[in-house]
Amino acid sequence: MEIITNAMRQLAREGLENGLDIIIGWKDGRFEWQSKPAFITEINDIESLNFNNYSLKNLSGYLLKKELKDKKIGIFLKGCDYKAYKQLVNYNQVDPENIQIWGIACPGLKERDFHGNTSNAERCQRCQEPVPEELETIIGKKEVAIQNSPEDKYQDVKKLESLATDERFDYWKDQISDCIRCYACRNTCPLCECTTCMIAGGDSNSDDWIDSAKEFSQDFFFHSIRAFHQAGRCVDCGECEEVCPVDIPISKINNKIRHDIENLYEMPEVADDDSVMGPLLDFREDDPEPGSKGGKENA
Amino acid sequence: MLKLDKNKLQDFLKAIEEEYQIQLPVKKADQTDFCNFEDTLKPNKGLEIDLNTRLSVKSPKSYLFPRSESYLEFKKDNERLDFKLKELTGKANLIFGIRNCDQESFKILDKVFLQEPVDQLYKRRRNSTITVVARCLEQSETCFCQLFEIEPAGSETGADLYYYNYNDGLYFTAGSDQGELILSDYSQYFKSVEPEIEKKLNQEANQFNGKITADSDNPLMQNKPELLYDNKEAIFNSDIWQELANRCLECGICTYLCPTCHCYDIQDYSADQSGERYRCWDSCLFSNFTEMAHGDNPREETYQRLRQRFFHKLVYFPEEQEESLACVGCGRCLGSCPVNIDITEVLALAGGVIND
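Residues numbered from 1 in each chain as written. Chains lettered and ligands numbered in written order. Predicted model: local features only at pLDDT ≥ 70, side-chain atom pairs only at ≥ 80, totals over all residues. Heavy atoms only, no water.

Looking at an unreviewed UniProt entry, one finds chain B named 4Fe-4S dicluster domain-containing protein and attributed to Halonatronomonas betaini.

Naming follows an unreviewed UniProt entry, where chain A appears as 4Fe-4S dicluster domain-containing protein of Halonatronomonas betaini.

So, in structure tokens, the structure goes:
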């Protein structure tokens, strides 16, 4: 962590000296188990940058902030953050010309639960690419052990798939009933890039597609539509699940969809170039249609 | 003071369930939150009563001021429009094991909703709610209720009953006539308490209530909450709000978990010929919170909305309500904000503005 922090400060200093307007990194929070995004514009503030065991926050989403448009930005991205960044570039949401990226070889981070117990972050346990290998500058030790195999990362999904339909419904009903519709999952998601959300207007209380009444049907509608909109975009950075104050396992929904896309359509999670369309944009005549009557079950 | 043996708790709750709908802190997976007592009796739910965890995820304000509440039904019949007010039915609510910070937050909500014009929806729930406070004799690291002059071990009034959770028993005292009545109506569950134990518990409580106010080492308690009120102009115009706004996700976590946030919206759920009118929580962090019908928004920028939240709690509310601050130091914002924005950080930054 200290190696990463020192390199981060050094790069930030050089960046500001060479004309960048703002550096986005992390600094310590009030407690050991916190870490918060830092926006540095002055050389004097560079020493506040700190990468600690809890620097989970995916910073790539901040690139969408309107205040940062047209600014020259330097940003630190871990493996998962970088995948989200690439999606933003694929979907023309950010201009790479204005952005200097420094990669972090992420050693795997920790999270703290409601009762104060700490453990290896769940998202890190599923992570297959902690190091953003493509980047020119990567700080930290590049040899990072992967915590689980690609197949193991779908353990949770498989467990749920093995349940009967009504058991699965009961499970999700129980989870989603806790939703308070604070919309933190949507707002923190780097790939929820719409400036106006079609499922819930600009914000929570609007009478667009879902109703503000705290009804299970409305909560369920919100979560399922959001998951479908993320099909082929979500990179499993785990932000949504991390911020959820009532611990709804949102990643399981996204991972189920990703698992299906991988198996049915053989699509990469993040395409290397924009010639590969996402699953919601691409149509092939021989696409499997597992949901429809007479459709092919498998590719 | 009367003692209820912990192994009699479930029997006692089953008995008073005849009279009340009971809500109490329950452990579910990795969290603790208020749930219906009857759900804890269903073995397949995996819910376990948790009287030890200090704070629930959500504040119990939702029992007085629900996340959404439908209160009016309307129906069109040819040219006629019929309205029907929804009655509140069922037993009175008994909230068991709330902490004193949350109990004190009800006083703040009362100021908002029970002044003229009285909010009838709130009033009917408030009048049919009984509270049982669990006295705190220790704090967790995110607590700062004493900054707002709240006594964690409990005052003597406000709640209907107070208890100490000590060894194998819960040690009750009444805070209201209603509380006295419960203790006498269900006297078969209670035993008298040896005077030494009563003395010891009261002593501990007094010590604890007085202790942390003077504790200058606690980083959460180093700036007076009156700071914003006393220096409102300088702090209103400072750039700390933009700094915080850079980080803010504009989600509703802080306002929805906060025991004193009380802003709401009124909406209709309507089908072709009929519908319902309901009120639901709203959040000043949402960009359309102050958006007007003609499209203008006086708080268009994130920093303005963020500033509003803290100014409401620490400046505007006390201006309106005889200097009462609208925060109880429960620490939920401190524990749950994904980007670590909380009221003590705001006070620390504001302190910096004043000292510069």
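Structure's up, so let's keep going.
Asker: Pulling in residues and values, what's your account of the interface of chain A and chain B?
Answerer: Counting residues at the interface gives 41 residues for chain A, matched by 50 residues for chain B. Taken together, the connections running from chain A to chain B amount to six salt bridges. Every element with two or more residues in the side of chain A that touches chain B is listed here: strand E2 (35-40) and helix H6 (184-188) of chain A. Element by element, the count of residues in the side of chain A that touches chain B is highest for E2(A), at four residues. (Contact = heavy atoms within 4.5 Å. Salt bridge = Lys/Arg side-chain N within 4 Å of Asp/Glu carboxyl O. Helix = DSSP H or I, 4+ residues; strand = E, 2+ residues; numbered from the N terminus.)

Asker: Before we move on, can you summarise unusual backbone geometry with the specific residues and values?
Answerer: In this structure, Pro117(B) follows Glu116(B) across a cis peptide bond, with omega equal to -10 degrees. Residue placement: Pro117(B) occurs in the loop between helix H3 (100-113) and helix H4 (120-127). One non-glycine residue with positive phi stands out, namely Asn92(A), at about 55 degrees. With respect to the helices and strands, Asn92(A) occurs in the loop between helix H2 (79-90) and strand E4 (99-104). Here Asn92(A) falls in the exposed class, since its relative accessible area comes to 68%. (Buried < 20%, exposed > 50% of the residue type's maximum accessible area, 1.4 Å probe, protein only.)

Asker: Describe the sheet that holds strand E12 (residues 264-270) of chain B, with residues and values.
Answerer: All names here are of chain B. With antiparallel pairing, four strands are arranged side by side in an open sheet as E6-E5-E13-E12. In this open sheet, the two strands that pair with only one neighbour each are strand E6 (80-85) and E12. Between one strand axis and the next, the sheet turns by 20 degrees as a mean value, whatever way the strands run. Note: E12 against strand E13 (residues 274-281), seven bridges, orientation antiparallel. Paired with Tyr269 across the strands is Glu276, a residue of E13. (Pairing = 2+ DSSP bridges. Axes fitted to C-alpha atoms, helices over the stretch in contact; angles between N-to-C directions.)

Asker: Hey, could you go over the nonpolar core for me, with residue numbers and the actual values?
Answerer: Core analysis: the biggest nonpolar cluster contains 94 residues, and Ile75(A), Phe76(A), Phe144(B), Leu228(B) and Trp241(B) have the highest contact counts within it. When residues of this core are assigned to their parent elements, the largest contribution, six residues, is made by helix H11 (residues 302-320) of chain B. Excluding residues within four positions of it along the chain, Phe144(B) makes contact with Leu220(B), Met221(B), Cys327(B), Gly329(B), Gly331(B), Leu334(B), Ile343(B) and Thr344(B). Ala200(A), Cys240(A), Phe34(B) and Val57(B) belong to the second largest nonpolar core, which has 46 residues in total. (Core = buried A, V, L, I, M, F, W, Y, C linked by side-chain atoms within 4.5 Å.)

Asker: Residues and numbers for the packing of aromatic side chains, please.
Answerer: Residues and elements named next belong to chain B. For the coordinates displayed, the defined rule picks out 32 aromatic pairs over all chains. Here Phe172 and Phe190 contribute two aromatic rings whose centre-to-centre distance is 5.5 Å and whose plane-to-plane angle is 80 degrees, an arrangement assigned as edge-to-face. With Phe172 in strand E10 (residues 169-174) and Phe190 in the loop between helix H5 (177-185) and strand E11 (191-192), this pair connects stretches of sequence that are 18 residues apart. Side by side, Phe172 and Phe190 carry an identical accessibility label, which is buried. Between Trp241 and Phe310, the ring centres sit 6.3 Å apart and the planes meet at 25 degrees, which makes this aromatic pair stacked. (Phe/Tyr/Trp six-rings, centres within 6.5 Å; stacked < 30°, edge-to-face > 60°.)

Asker: With reference to specific residues and values, describe the packing of H11(B) against helix H13 (residues 343-355) of chain B.
Answerer: All names here are of chain B. Between H11 and H13, the shortest axis-to-axis distance is 11 Å and the interhelical angle comes to 80 degrees. Between H11 and H13, the angle is such that the two are roughly perpendicular. Every residue of H13 that contacts H11 at Phe310, Lys313 and Leu314 is listed here: Ile343, Val346 and Leu347. In terms of residue class, the contact of H11 with H13 is built from five nonpolar, no polar and one charged. (Parallel < 35°, antiparallel > 145°, perpendicular 65-115°, else oblique. Nonpolar A, V, L, I, M, F, W, Y, C, P; charged D, E, K, R; others polar.)

Asker: Please set out the pairing of strand E3 (residues 73-77) of chain A residue by residue, giving values where relevant.
Answerer: Residues and elements named next belong to chain A. Where burial is concerned, most of E3 is hidden: five out of the five residues are buried. Taking every second residue as pointing to the same face, both faces of E3 are buried, with Ile73, Ile75 and Leu77 on one and Gly74 and Phe76 on the other. As judged from the three bridges shared by strand E1 (residues 22-28) and E3, these two strands associate in the parallel manner. When the bridges of E3 are listed, Ile24 appears paired with Ile75. Of the pairings in the sheet, the one linking E3 to E4 comprises five bridges and is parallel in character. For Gly74, the partnering residue across the bridge sits in E4 and is Gln100. For the handedness criterion, the β-α-β arrangement of E3, H2 and E4 is classed as right-handed. (Right-handed = clockwise from strand over helix to strand, strands pointing away.)

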